[in-house]
Amino acid sequence: MNDFLPIDSESAFNAFLDSHDSYRRTLPLDDLRETDYGRLDRLGHVYLDYTGGGLYAESQVAAHHDLLSNQVLGNPHSHNPTSLAATHFVDEARDAVHEFFNASKDEYEVVFTANASSALKLVGESYPFEKDACYLLSYDNHNSVNGIREFARSRGAEIVYVPVRNPELRLDEELIHRGLTQHSPCEHRLFAYPAQSNFSGVHHPLEWIDEAHENGWDVLLDCAAYAPTNKLDLGVIKADFVPLSFYKMFGYPTGIGALIARKEALAKLRRPWFAGGTITLASVQGEGWYHLAPGSTGFEDGTVNYLGLSAITIGLRHLKSAGIDTIHERVTDLADWLLAEMSSLAHTDGAPMVRIFGPETMARRGATLAFYLLDPEGAVYDVQRIESLAGEQRISVRTGCFCNPGDGEVAHDITRDDMAECFDEPAVPVTYDQCQRIITDTTGKVPNTIRVSLGIASTFGDVYRFMEFAATFRDRPARDVRGQHDAQG
Ligand SMILES: Cc1ncc(COP(=O)(O)O)c(C=O)c1O
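Residues numbered from 1 in each chain as written. Predicted model: local features only at pLDDT ≥ 70, side-chain atom pairs only at ≥ 80, totals over all residues.

Comments concerning the nonpolar core
Judged by nonpolar contacts, the single largest core of 136 residues is most densely connected at Ile260 and Leu373. Residues contacting isoleucine 260, with those up to four places away along its chain left out, are Val97, Phe101, Ala103, Tyr108, Val110, Leu234 and Val242. (Core = buried A, V, L, I, M, F, W, Y, C linked by C-beta atoms within 7 Å. Buried ≥ 20, exposed ≤ 12 C-beta atoms within 10 Å, placed from the backbone. Contact = placed C-beta atoms within 7 Å.)

Quick look at the sheet that holds strand 17 (residues 449-453)
Taken in spatial order, the four strands line up as 13-14-17-16 in an open sheet, and their pairing is antiparallel. The sheet terminates laterally at strand 13 (354-357) and strand 16 (398-400), the two strands that pair on one side only. Strand after strand, the sheet turns through a mean of 35° between neighbouring axes, direction not considered. Two elements, strand 13 and strand 14 (residues 368-373), share four bridges in a ladder whose sense is antiparallel. Bridge pairing in strand 14 links phenylalanine 357 to alanine 370. (Pairing = 2+ DSSP bridges. Helix = DSSP H or I, 4+ residues; strand = E, 2+ residues; numbered from the N terminus. Axes fitted to C-alpha atoms, helices over the stretch in contact; angles between N-to-C directions.)

Side note on the confidence of the model for the protein
Per-residue pLDDT for the protein has a mean of 95; in total, 97% of the residues score no lower than 70. Throughout residues 485-489 the model reports pLDDT below 50, and contacts reaching past four residues in sequence, or to other chains, amount to three contacts. (pLDDT = per-residue confidence, 0-100.)

Remarks on unusual backbone geometry
Residue proline 167 follows asparagine 166 across a cis peptide bond; omega there is 0°. Summarising the element assignment, proline 167 is placed in the loop between strand 5 (164-165) and strand 6 (170-171). In the segment running from tyrosine 252 into proline 253, the intervening peptide bond is cis, with an omega of 5°. As for its placement among the helices and strands, proline 253 is situated in the loop between helix 11 (246-250) and strand 10 (257-262). Not every positive phi belongs to a glycine, and aspartate 413 is a case in point at roughly 60°. Within the chain, aspartate 475 stands out as a residue other than glycine whose phi angle is a positive 70°. Residue placement: aspartate 475 occurs in the loop between helix 19 (460-471) and helix 20 (484-488). Given 11 C-beta atoms within a 10 Å radius, aspartate 475 is considered exposed.

The structure is reproduced here in structure tokens:
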């Protein structure tokens, strides 16, 4: 039996420090937690959903407020003083992104977007998917990457999915290799995968990028879940399209993301329209009379978020001063402890209380953990009920499939036939909850997951509080911890 409960948090912390010496180097982040993220403890929150959204430091907001209070900013790209001032802050933010990711201006463009999904849509709608094009992608992908397949499909491109495998939810390297080398003769080839899974936390090999390039592929490396806690050096990792959302990295502001794109790859994209801001010139008197502006400008539709962009510079400065490597080290150590504790958490009769989906050690993975809690008989506690019970203690975890159906379907052993039940009548939309119910009723499988993820302000106290919460389920039958659906059913 795991003896978690009898250990008080101080003794547990000392034992953790003894076994994770590297954590000591990250202790300045505890000070930051007290000063810049003090609202968490003041309001009694345990925030464990950093892959959903990062948290902002109070100093970021104060610095942005200060900046806005001392400037008069107008719509950029004119020559009046308020417009020039706004243009300056937009340029500064772009420079800051280039610098943070070591993305040389000779090689990369930074296109500002609303979020990672709109960065992905820019690629999807503009990539030259035609009959002679191929889209190779992993099962492990966010739906905003999966969705690109609909652009590919509608234009007749070939679509190939590479599955992940249980229990670690890693991609089959041999199949990736085969996909990259033994494809049909496609003229345009796009290969998409995430650097870090937003479901299982798996880190997929970045070496695939070079192999893909050697075989003529453009690589879309989704870094939305990777960038907040891992160093991404685009001077070394030469991905062609890198989508991300800044709120995931440093919390504030929401509503701004970027597509960092290699110039060579960006030049292959064919925009399906033009908009204010994206052209050098357009006329109403001739068909096709417009000139798309070069570089990032041609991809930024309308007015950029010129007030918010100055907060991107502030946020990146904040991450830099906290140290992305320090953040990485801290969340790795905390997740290592959490994985070990969860894996050994057991009921009195020795039955495991947790089933992890994904790797059970921190080798080649990040600090995003997907799992179920199990009762003494091995039955799954209602996932939504767990979320609401955690919520009663102000512990924020996320449940569902995290917009990553591929990982969820493999993790929960949902077959194509199982899923087909939810797509029987294409004209009748089936919700996620309804589909879950259909699958559970017909197969007994529970396609729903709990996710805990760590970030810049995570502390040992947070993960300890979560383990205290998890341990409260010891010896409790699942039928006593029922959700609304079950209680009604
Ligand atoms: C890996 C990954 N890609 C893309 C996205 C989409 O990000 P956004 O919702 O900010 O567009 C997410 C969001 O969770 C993600 O985790």
